[in-house]
Amino acid sequence: VSECSRETCFVPDTTCDLGFLDRSRCPAWSAQPSSLPVDGKTLDDVLLPWSGNALGLADISFLAGRAKPLTVGIVGPHNAGKTTLLAAWYLLLGRGLLLGPGRKFAGSCSLLGWENIAGGLRWAPGLQPTFPPHTTSRAGRAPGLLHLAVRDDAAEFRDYLLADAPGEWFKRWALNRDAADAEGARWLAEHADAFILIADREALSGQDAGSARGALQLLTQRLSAEYGTRPVALVWTKADIETNSAIEGAVRETVNNRIPDALEFPVSIISPDTTAKGTGTGLIELFDWVLNVRRRPAALPQSTASCSDPLFLFGTRTT
Amino acid sequence: MSERAKSVLLVGESGVGKTHYGAQLLKRLMKGDGMLRMRGAATNLDPFETALERLNEGRAADHTPTPVYVESIWPLEYDDGSKAELVWPDYGGEQIKAMVTARSIPLPWMRRIAEAHSWLLLLRLNKMRASDDIFSKPLAQLRQRTIQSAASPVSDQSRLIELLQMLMNVRGHFNGKPLATPHLALLLTCWDELQGTGLPGAALRAQLPMFFDFVVSNWQKPKILGLSALERALSPEQRDAEFASRGPESFGYVISHEGDRSSDLTLPIKLALVGTI
């Protein structure tokens with residue numbers, strides 16, 4: 001619980017968002033009654049700007065200070081393998097196998113969030129409609145953005161945010177774009193720089209394959225209306241499972257029709273052979289695609305000159 | 001070079017061998033046959049009195065109690081005659097772990113971090129978890145994992161990275177540029193415990209690849225050295241007769257960044273203070 005009157009400040013979990021190391025000098029803080037030490041932290045202790053857990057929407061302002069991070073929305077139904085994908089990436093990162101030659105891990109402000117996911121931590125009880133502004137280090141697993149900084153050989157430094165969001169948001173969003181409990185999905189639709197659309201091969205070949213196909217087609221339609229020109233990857237998770245080619249074909253056709261430039265990636269945590277390092281299937285290739293995502297440059301609106309005089313080129317003439 | 005006191009931020013969790021290295025370093029500085037030697041006398045040898053005595057007897061020093069933090073100032077002379085003062089601390093390593101766990105930095109530590117000329121991080125690779133770390137599990141096990149209701153302890157790599165990120169944040173280095181200063185030297189202590197030889201950097205990379213990447217991508221010239229302060233394991237109770245008779249100053253070695261073995265235990269400090277040998 002924040003002790004500051006400012007909505008974007010989460011003292012004593014993280015540091016003063018106005019940058020006052022000595023909290024007593026912050027104008028917003030001084031309005032507060034003097035408080036007792038919390039969690040063994042005294043008022044003199046220096047706090048950090050990040051809690052380590054998955055970043056909330058107010059938390060990312062700190063990161064955005066150095067460069068706008070690239071945000072990747074991982075979109076898919078409940079239990080389709082979104083979390084496993086994130087967990088597998090973190091495990092590969094921890095073994096130094098995720099980033100190809102020429103790229104190096106350069107830090108993360110959500111290490112606890114990554115560890116929670118890789119450790120199989122369940123969602124904290126109570127489904128939230130959107131990303132919280134802030135998640136404390138003790139809050140357990142909450143929807144949020146997982147951060148990763150990567151530096152390449154050309155010394156180019158980039159921040160990536162990968163969305164860890166519950167499948168229920170996307171289910172609601174697919175049915176009703178403006179649903180109150182799909183706010184988080186709407187946030188991603190607006191702010192993500194790229195999308196990973198998850199198709200669960202297990203669900204698409206099981207008993208409820210028909211309804212899984214229907215849900216995925218609905219989600220594809222919604223995404224196709226929202227993605228604009230941003231990159232989309234169609235990711236077949238649990239790719240080691242025997243497929244139902246008719247259903248898979250139907251899904252592929254929907255995606256190809258609605259999002260023609262989507263790239264396909266089959267991924268699995270099962271490695272093709274036992275002699276390899278155990279890097280799964282397609283996981284590294286998909287992450288490489290994520291790393292190569294670039295934001296399109298901003299385009300200025302076209303404007304037509306109304307006269308030949310350079311000083312008054314873009315004005316409107318009223319005669 | 002001016003005679004301004006240069007402090008080395010000595011960072012090491014408990015059990016990495018801060019006290020043993022401090023005591024051995026002090027002996028070498030007083031003996032004066034290394035790259036650095038003591039000029040005059042240290043202000044305060046209290047923190048190392050017991051440790052020096054224990055080593056002279058051929059026994060291991062006791063664990064430094066958690067709340068202890070003492071500094072002593074050592075006037076030094078380089079082999080080229082220039083002078084410096086080194087502020088050398090001894091403390092209970094639990095303080096470091098507590099900072100990462102509580103995610104807050106006590107004010108005295110903040111000053112030390114902010115003022116230190118260089119950072120010396122002591123790591124004992126053998127003490128890093130190997131079995132119950134999440135990174136040790138095969139990828140395919142992710143499918144059978146049971147959903148946990150409580151967070152599991154964080155991995156060693158992630159804790160060490162968070163520690164360095166905290167230190168960097170205190171120094172205001174968070175803009176993504178690789179750092180030139182403060183110099184960073186990683187000392188892999190108890191090098192004799194690690195089987196096989198090779199470069200210290202390679203040993204670190206093999207055991208903690210994510211942490212290794214973090215270090216080399218955030219510092220322009222990080223140095224990774226191996227250190228065996230005692231060259232052998234001593235017991236707190238049993239005396240090692242050979243160690244006692246030859247004296248602690250005959251034991252201990254450093255493996256340089258390039259892999260060369262040297263018995264000069266002052267080498268990491270010179271590297272930390274000057275940035276090069």
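Preceding block: the structure.
Here goes a summary of the coordinates provided.

Criteria and thresholds
- Throughout, residues of each chain are indexed from 1 in the direction in which the sequence is written.
- Lettering for chains starts from A, numbering for ligands starts from 1, and both go in the order in which the items are written.
- The model is predicted, so local features are restricted to residues of pLDDT at least 70 and side-chain atom pairs to those at 80 or more, both for listing and for counting; the totals for chains, interfaces and linings are taken over all residues.
- Computation of side-chain values covers all heavy atoms of the structure but excludes hydrogens and water.
- Comment: elements are numbered from the N terminus, with helices defined as DSSP H or I runs of at least four residues and strands as E runs of at least two.
- When a residue's accessible area, from a 1.4 Å probe over protein chains only, is under 20% of the maximum for its type it is buried; when over 50% it is exposed; and in between it is partly exposed.
- Contacts are assigned to residue pairs with any non-hydrogen atoms lying within 4.5 Å of each other.
- Working definition of accessibility: Shrake-Rupley area with a 1.4 Å probe, residue cover restricted to the visible protein chains.
- Definition of a polar contact: a pair of N or O atoms within 3.5 Å, with one able to donate and the other able to accept a hydrogen when the atoms are protein atoms, and with sequence-neighbouring residues admitted only if both atoms are side-chain atoms.
- For this classification, the nonpolar set comprises Ala, Val, Leu, Ile, Met, Phe, Trp, Tyr, Cys and Pro, the charged set comprises Asp, Glu, Lys and Arg, and every other residue, Gly included, is treated as polar.
- When DSSP finds at least two bridges between two strands, those strands are taken to pair.
- Geometry is summarised by axes, namely lines fitted to C-alpha atoms with helices restricted to the contacting stretch, and by angles between N-to-C directions that run from 0 to 180 degrees.
- Any angle that is under 35 degrees is reported as roughly parallel, and any over 145 degrees as roughly antiparallel; angles of 65 to 115 degrees are reported as roughly perpendicular and all others as oblique.
- Ring pairs shown here join Phe, Tyr and Trp side chains whose ring centres sit within 6.5 Å, with only the six-membered ring taken for Trp; geometry is labelled stacked below 30 degrees between planes, edge-to-face above 60, and tilted in between.
- Among buried residues, those of type Ala, Val, Leu, Ile, Met, Phe, Trp, Tyr and Cys that are joined through side-chain atoms within 4.5 Å constitute a nonpolar core.
- One side-chain nitrogen of Lys or Arg within 4 Å of one carboxyl oxygen of Asp or Glu is enough to make a salt bridge.

**Focus: the overall build of chain A**
Then comes step 1: When you go through chain A residue by residue, the secondary structure sums to nine helices and eight strands.
Then comes step 2: In chain A, which comprises 319 residues, the share counted as buried stands at 51%.
Then comes step 3: For chain A, the share of sequence-separated contacts (at least 6 apart) that also reach a separation of at least 24 residues comes to 72%.
Then comes step 4: Total accessible area on chain A stands at roughly 14,900 Å², and carbon and sulfur atoms take up 53% of it.

**Overview of the interface of chain A and chain B**
Then comes step 1: Opposite the 52 residues of chain A that make contact, chain B presents 46 residues.
Then comes step 2: On inspection of chain A and its partner chain B, the count reaches 14 residue pairs in polar contact (both at pLDDT 80 or more).
Then comes step 3: Those elements giving two or more residues to the side of chain A that touches chain B turn out to be strand S1 (46-47), helix H3 (82-94), strand S3 (103-107) and helix H4 (111-118) of chain A.
Then comes step 4: It is H3 of chain A that contributes the most residues to the side of chain A that touches chain B, nine residues altogether.
Then comes step 5: Its residues assigned to classes, the side of chain A that touches chain B comprises 25 nonpolar, 16 polar and 11 charged.
Then comes step 6: Across two bridges, S1 of chain A lies against strand S5 (residues 104-105) of chain B in antiparallel orientation. In the sheet register, Val 46 of chain A faces S5 of chain B, and the bridge partner there is Ile 105 of chain B.

**Side note on the side chain of Asp 90 of chain B**
Residues and elements named next belong to chain B.
Then comes step 1: Of note, Asp 90 is situated in strand S4 (residues 83-91).
Then comes step 2: Here the side chain of Asp 90 touches Thr 19 through a polar contact of 3.0 Å, side chain to side chain.
Then comes step 3: In contact with Asp 90, other than residues within four places in its own chain, are Lys 18, Thr 19, Pro 47, Phe 48, Thr 64, Val 68, Tyr 69 and Val 70.

**Overview of unusual backbone geometry**
Then comes step 1: Here the bond from Val 11 of chain A into Pro 12 of chain A is cis, since omega is 5°, no more than 30 degrees from zero.
Then comes step 2: Position of Pro 12 of chain A relative to the elements: it lies in the segment before helix H1 (27-30).
Then comes step 3: Non-glycine residue Glu 231 of chain B carries a positive phi angle of around 70°.
Then comes step 4: Looking at where Glu 231 of chain B falls in the secondary structure, it is placed in the loop between strand S8 (223-228) and helix H8 (241-246).

**Re the packing of helix H1 (residues 18-31) of chain B against helix H2 (residues 46-56) of chain B**
Residues and elements named next belong to chain B.
Then comes step 1: Close contact between H1 and H2 brings their axes to 9 Å; oriented N to C, the two are set at 80°. Classified by the angle their axes make, H1 and H2 are roughly perpendicular. In this structure, H1 contributes Thr 19, His 20, Gly 22, Ala 23, Gln 24, Leu 26 and Lys 27 to the contact, and H2 contributes Phe 48, Ala 51, Leu 52, Leu 55 and Asn 56.
Then comes step 2: In the contact of H1 with H2, the residues fall into six nonpolar, five polar and one charged.

**Some remarks on the packing of aromatic side chains**
Then comes step 1: The full count for this structure, using the stated rule, is 17 aromatic pairs over all chains.
Then comes step 2: Aromatic side chains Trp 50 of chain A and Phe 174 of chain B sit 5.2 Å apart centroid to centroid with 35° between the ring planes, which places their arrangement in the tilted category. With one member in each of two chains, Trp 50 of chain A in the loop between S1 and helix H2 (60-64) and Phe 174 of chain B in the loop between helix H5 (156-170) and strand S7 (183-188) form a pair that bridges those chains. Of the two residues examined, Trp 50 of chain A and Phe 174 of chain B, each falls in the buried class.
Then comes step 3: Geometrically, the ring pair formed by Phe 62 of chain A and Phe 174 of chain B is tilted, given 5.4 Å between the ring centres and 40° between the ring planes. Taken together, the positions of Phe 62 of chain A in helix H2 and Phe 174 of chain B in the loop between H5 and S7 put the pair across two chains.
Then comes step 4: Looking at Phe 174 of chain B, the relative accessible area reads 15%, which means it is buried.
Then comes step 5: Taken together, the aromatic side chains of Tyr 21, Phe 48, Trp 74 and Trp 88 of chain B make up a single cluster linked through ring pairs.

**Some words on the sheet that holds strand S7 (residues 232-237) of chain A**
Residue and element names in this part refer to chain A.
Then comes step 1: Ordered in space as S3-S4-S5-S2-S6-S7-S8, the seven strands form an open sheet in which the pairing is mixed. Edge positions in the sheet fall to S3 and strand S8 (263-266), since each of these pairs with one other strand and no more. For this sheet, the mean inter-axis angle between neighbouring strands, taken without regard to orientation, is 30°.
Then comes step 2: Of the pairings in the sheet, the one linking strand S4 (residues 144-152) to strand S5 (residues 157-164) comprises eight bridges and is antiparallel in character. Note on S5: the bridge partner recorded for Arg 151 is Phe 157.
Then comes step 3: Running over the sheet, H4 touches S4 and S5 and is turned about 110° from S4.

**Considerations on the environment of Gly 113 of chain A**
Residue and element names in this part refer to chain A.
Then comes step 1: Position of Gly 113 relative to the elements: it lies in helix H4.
Then comes step 2: Judged by relative accessible area, which is 3%, Gly 113 ranks as buried.
Then comes step 3: Along the primary structure Gly 113 and Phe 131 are separated by 18 residues, whereas in three dimensions their C-alpha atoms are 14 Å apart.
Then comes step 4: Excluding residues that lie within four positions of it along the chain, Gly 113 makes contacts with Gly 52, Asn 53, Ala 54 and Leu 146.

**A word on the nonpolar core**
Then comes step 1: In terms of nonpolar packing, the biggest core is built from 128 residues, with Trp 89, Ile 196 and Leu 286 of chain A together with Leu 204 and Phe 211 of chain B touching the most fellow members.
Then comes step 2: Counting residues per element, this core draws most heavily on H3 of chain A, at nine residues.
Then comes step 3: Aside from chain neighbours lying at most four places away, what touches Leu 286 of chain A is Leu 85, Trp 89, Ile 196, Ala 233, Val 235, Phe 265 and Val 267 of chain A.
Then comes step 4: By size, the runner-up hydrophobic cluster in this structure holds 42 residues, among which are Val 8, Ala 60, Val 254 and Leu 267 of chain B.

**Some remarks on the pattern of salt bridges**
All names here are of chain A.
Then comes step 1: Taken as a whole and judged by the stated rule, the model has 27 salt bridges over all chains.
Then comes step 2: Of the charged contacts in the structure, one is a salt bridge between Asp 288 and Arg 103, with a shortest N-O distance of 2.9 Å. In this pair, Asp 288 is assigned in helix H9 (residues 283-291) and Arg 103 in strand S3, connecting sequence segments 185 residues apart.
Then comes step 3: Residue Arg 103 is classed as buried on the basis of its relative accessible area of 19%.

**Things to note about the packing of helix H6 (residues 200-207) of chain B against helix H7 (residues 209-218) of chain B**
All names here are of chain B.
Then comes step 1: Running from amino to carboxyl end, H6 crosses H7 at an angle of 125°, the nearest separation of the two axes being 5 Å. Put simply, H6 runs oblique to H7. Of the residues in H7, those touching H6 at Gly 201, Leu 204, Arg 205, Ala 206 and Gln 207 are Pro 209, Phe 211 and Phe 212.

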